[in-house]
Amino acid sequence: MATEEQPIKKVEPGGLLADVALFYTQGYRLVHICCTRLADDSFELTYAFDKEFKLHNLRITVNRETEIPSITQVYGGAFLYENEINELFGVNIKGINLDFGGHLYKKKIAFPFSMKMAKVDATCLKGQ
Amino acid sequence: MPKRTVIPFGPQHPVLPEPVHLDLVLEDEKVVEALPSIGYIHRGLEQLVEKREFPEYVYVIERTCGICSFIHGLSYCQAIEGIMNVDVPERALYLRTIGSEYSRLHSHLLILGCLADGMGFESLFMGLWKARERVVDRMEKCLGGRVIQGTCKIGGVRKDIDGEMVEEMRSELTTIEKEMKEITDVLIKDDSVQTRMKGIGSISRKDAYELGAVGPTARGSGVPLDMRMRGYAAYGKINFEPVLESAGDCYARTSVRVKELFTSANIIRQCLKKIPDGPIEAKVVGNPNGEYASRVEQPRGEAVHYAKADGTRFLQRFRVRTPTFTNIPPLVHMLKGSELADVPVIILSIDPCISCTER
């Protein structure tokens, strides 16, 4: 299968907004934001953009304390991605245009995707 | 300033097949603000990659949705095949394309029926679902299941079709198209349907694009966004054009779906003509190591299946971004300025699938 080139540019959290704004001015649309928990309990956030079926990614690596600026001032529709990442992983995103304050999903425990599933199961059972 | 009232809409509501909640802020009967709320059925399927080996996770991902299950399976397989550089046999690519287009027929007929029902047009609902029944019966015969198929696997497909089946499918497609033509003519040409949908829930091309609309929601506003144009599976060898409308209202989105029914039938017919002989699966050895985002066109629009693997049998991360998830911000935009009575039709016009969204 011919796989699609999907370049990833690594950026610092402080420089994220400038790069996102550049994609916006070039006419890219936001495809998705994906958060991945890494082995050292830090998080990798990948912002994917598309124009004419070409996918480009921006990537930042952060820990739970790092404050990340919301990109909703550039892409207004990003609020669902950011609320989801904030609630499931506990990543600290500031300035979301529609902030659900931790109530987008009805969860039994806080930040369930920030830990291994075995730990999620154990925590849930303990609470019963 | 007129008095403002907040009406909670959903999660249980007669027109909503699945639970989504909206706080509608009204001035008289006009919606001035809509605040969406999801999360009633979030299942955490993405995290199950920690417990299921990557070849068997395809069964989990198919259960994300009861309508576009086949395409979820296909896209997941494509993500793993993208990481592992698997060469899928051409016959399997055609079979995957046929399965995808039957799913689209089934999904579009289903939501058009729900839309008719939401407008109180019960007989039209029955007619559309009657046509859909023939499609899901065919899916059962050639894919192995009406709702969950389990046909796609990493490296190809599990189920082949023989020459007799191809002939059956060809002749049945003519019947399906005839039935669809008769019933969708009623939907598209009926005065009361047009009154309920024309000029309702409009979104401009610019707003649709910038807010992330995909699928018929984007194409109804003239955004030429159709992942099939990327040529995944066998789409690169098929002649078709994405269906576009420009009005951006409920009627335009519905018209896109209606025209896409016939595009899908045409794609299936082309596949049946061009499908080559040969194997239907490639042998896959080893474990994936790397990352890849597979993008496909589901009936509701672009879906992204992102997989990241570290060389073990279990993926490090798997994420699905479904079309409804990204169609919610455009929906909120459409609702502002609409009449309360039009809210159900506007919601149904984006074909919301909350099961997918909550994965």
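Bear in mind that the values here come from a model prediction, so they are computed numbers and not experimental data. (Residues numbered from 1 in each chain as written. Chains lettered and ligands numbered in written order. Predicted model: local features only at pLDDT ≥ 70, side-chain atom pairs only at ≥ 80, totals over all residues.)

### Focus: the overall build of chain B
No. 1: Looking only at helices and strands, chain B features twelve helices and eight strands.
No. 2: Relative to the globule expectation of 21 Å for 359 residues, the C-alpha radius of gyration of chain B, 20 Å, shows essentially globular dimensions.
No. 3: A burial count over chain B gives 56% of its 359 residues as buried.
No. 4: Counting only contacts in chain B whose residues sit at least 6 apart along the sequence, the fraction spanning at least 24 positions is 71%. (Helix = DSSP H or I, 4+ residues; strand = E, 2+ residues; numbered from the N terminus. Rg over C-alpha atoms; globule rule 2.2 N^0.38 Å. Buried ≥ 20, exposed ≤ 12 C-beta atoms within 10 Å, placed from the backbone. Contact = placed C-beta atoms within 7 Å.)

### As for the overall build of chain A
No. 1: Helix and strand counts for chain A come out as three helices and six strands.
No. 2: Along chain A, from the amino end to the carboxyl end, the secondary structure elements read β-α-β-β-β-β-α-β-α.
No. 3: Seen through its C-alpha atoms, chain A measures out along the principal axes to roughly 50 × 40 × 25 Å.

### A short note on the interface of chain A and chain B
No. 1: With 22 residues of chain A at the contact, the number on the chain B side is 32 residues.
No. 2: Residue contributions to the side of chain A that touches chain B peak at six residues, all from strand β2 (residues 29–37) of chain A.
No. 3: Here the residues of the side of chain A that touches chain B are counted per class, giving 13 nonpolar, six polar and three charged. (Nonpolar A, V, L, I, M, F, W, Y, C, P; charged D, E, K, R; others polar.)

### A closer look at the confidence of the model for chain A
No. 1: With 97% of its residues at a pLDDT of at least 70, chain A reaches an overall mean of 88.
No. 2: Taken element by element, the predicted model of chain A shows its lowest mean pLDDT in helix α3 (residues 117–126) of chain A (72) and its highest in helix α1 (residues 16–25) of chain A (95). (pLDDT = per-residue confidence, 0-100.)

### Quick notes on the pairing of strand β3 (residues 30–37) of chain B
All names here are of chain B.
No. 1: Here strand β2 (residues 21–27) runs beside β3; their pairing, made up of seven bridges, is antiparallel. Across the sheet, residue V25 finds its bridge partner in β3, namely E33.
No. 2: The antiparallel hairpin formed by β2 and β3 contains two residues in its connecting segment, where D28 sits at a positive phi of about 55 degrees. (Pairing = 2+ DSSP bridges.)

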